[in-house]
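# Summary of the model geometry
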Amino acid sequence: MLAQAFPSRAALIGLALAAMLVGAWGCSPRVGGSMSPDDALNDLRRENLQLKDQIAQMERKIDLRIAEIDSLKQELNAGDGAAAGARNRPRPVALKFARYTGGIDVDNDGRDDLIRIYLQPVDQQGRVLPVAAEVTVTLAQISDGHARVLTTKSWTSAELDGAYRSGLTGTYYTLETPLPADVPRDVDLIAKATLVEGDSGVTLSQQAPFKIK
């Protein structure tokens, strides 16, 4: 019964091909009209190549979806026996601020304009882990032992995904929070990032002080 609840790869490909072929047939040239036979053949060849590319792309997407479905089926079939394995599955357990996190002078006027955080969610082995989550960054000014909130900025899961970077400098999410114009020079700020993971609802946070010039 469980297997019947999920479409097969052949069924998915068949539906996709049927949709593409119907669309292609509707816009295919008709030999015998105002178009010459050579032009019609060239158009047909061009459409054939386009269809092959579309089919290849569709098959890659279907393969990924089938892999996802297979994974879900395995989890459902495993039932409670999967609990031990789930505990070892990589999951975000902490946040880190990567190197170079701090104030940035965007317009080179000698005054920091924003706080740029290179945020790294890490798993139980300390590895940077991509996440589907919402993040909020709060900037607070420290004065006489008290914190005064200056500004707060939030990122949706989609916006956070767009902030993901991975390259020679490392893997992180780049988050920028503008500083209010009236922030005094040479003050101490605390930046706090709070992440709420989408699937589990787990909330993680990290904060660090920064000197703003």
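Residues numbered from 1 in each chain as written. Predicted model: local features only at pLDDT ≥ 70, side-chain atom pairs only at ≥ 80, totals over all residues. Heavy atoms only, no water.

## Considering the pairing of strand β3 (residues 114-122)
Most of β3 is tucked away: 8 of the 9 residues are buried. Note that strand β1 (residues 94-97) and β3 share 4 bridges and pair antiparallel. Opposite A94, over in β3, you have V122 as the bridge partner. Where strand β2 (residues 102-104) lies against β3, 3 bridges are found, and the strand directions are antiparallel. Each residue of the ladder has a partner; that of G102, found in β3, is R116. Sheet topology places β3 next to strand β7 (residues 170-178); 6 bridges connect them, and they run antiparallel. Across the sheet, the residue bridging to L119 is Y173, located in β7. (Buried < 20%, exposed > 50% of the residue type's maximum accessible area, 1.4 Å probe, protein only. Helix = DSSP H or I, 4+ residues; strand = E, 2+ residues; numbered from the N terminus. Pairing = 2+ DSSP bridges.)

## Some words on the sheet that holds strand β8 (residues 187-197)
Read across the sheet, 4 strands follow the order β5-β4-β8-β9 without closing on themselves; strand pairing throughout is antiparallel. Among the strands making up the open sheet, the edge pair consists of β5 (146-155) and β9 (203-212). Averaged over all pairs of adjacent strands, the angle between their axes in this sheet comes to 20 degrees, without regard to strand direction. (Axes fitted to C-alpha atoms, helices over the stretch in contact; angles between N-to-C directions.)

## Observations concerning the pairing of β9
One ladder, built from 10 bridges, connects β8 with β9; its direction is antiparallel. If you follow D188 over to β9, its bridge partner there is K211. The turn linking β8 back onto β9 is made up of 5 residues, and G201 within it adopts a positive phi angle of 75 degrees.

## Description of the side chain of D123
Looking at the secondary structure, you find D123 in the loop between β3 and β4 (133-143). For D123, the side chain forms a polar contact with the side chain of R127, separated by 2.8 Å. Contacts of D123, omitting those with residues within four sequence positions, involve P90, R91, P92, V93 and L129. (Polar contact = N/O pair within 3.5 Å; in protein donor to acceptor, adjacent residues only side chain to side chain. Contact = heavy atoms within 4.5 Å.)

## Some remarks on the confidence of the model for the chain
With 75% of its residues at a pLDDT of 70 or more, the chain shows a mean pLDDT of 80. Looking across the chain, the model is least confident in helix α3 (residues 83-87), with a mean pLDDT of 56, and most confident in helix α4 (residues 157-162), with 96. (pLDDT = per-residue confidence, 0-100.)

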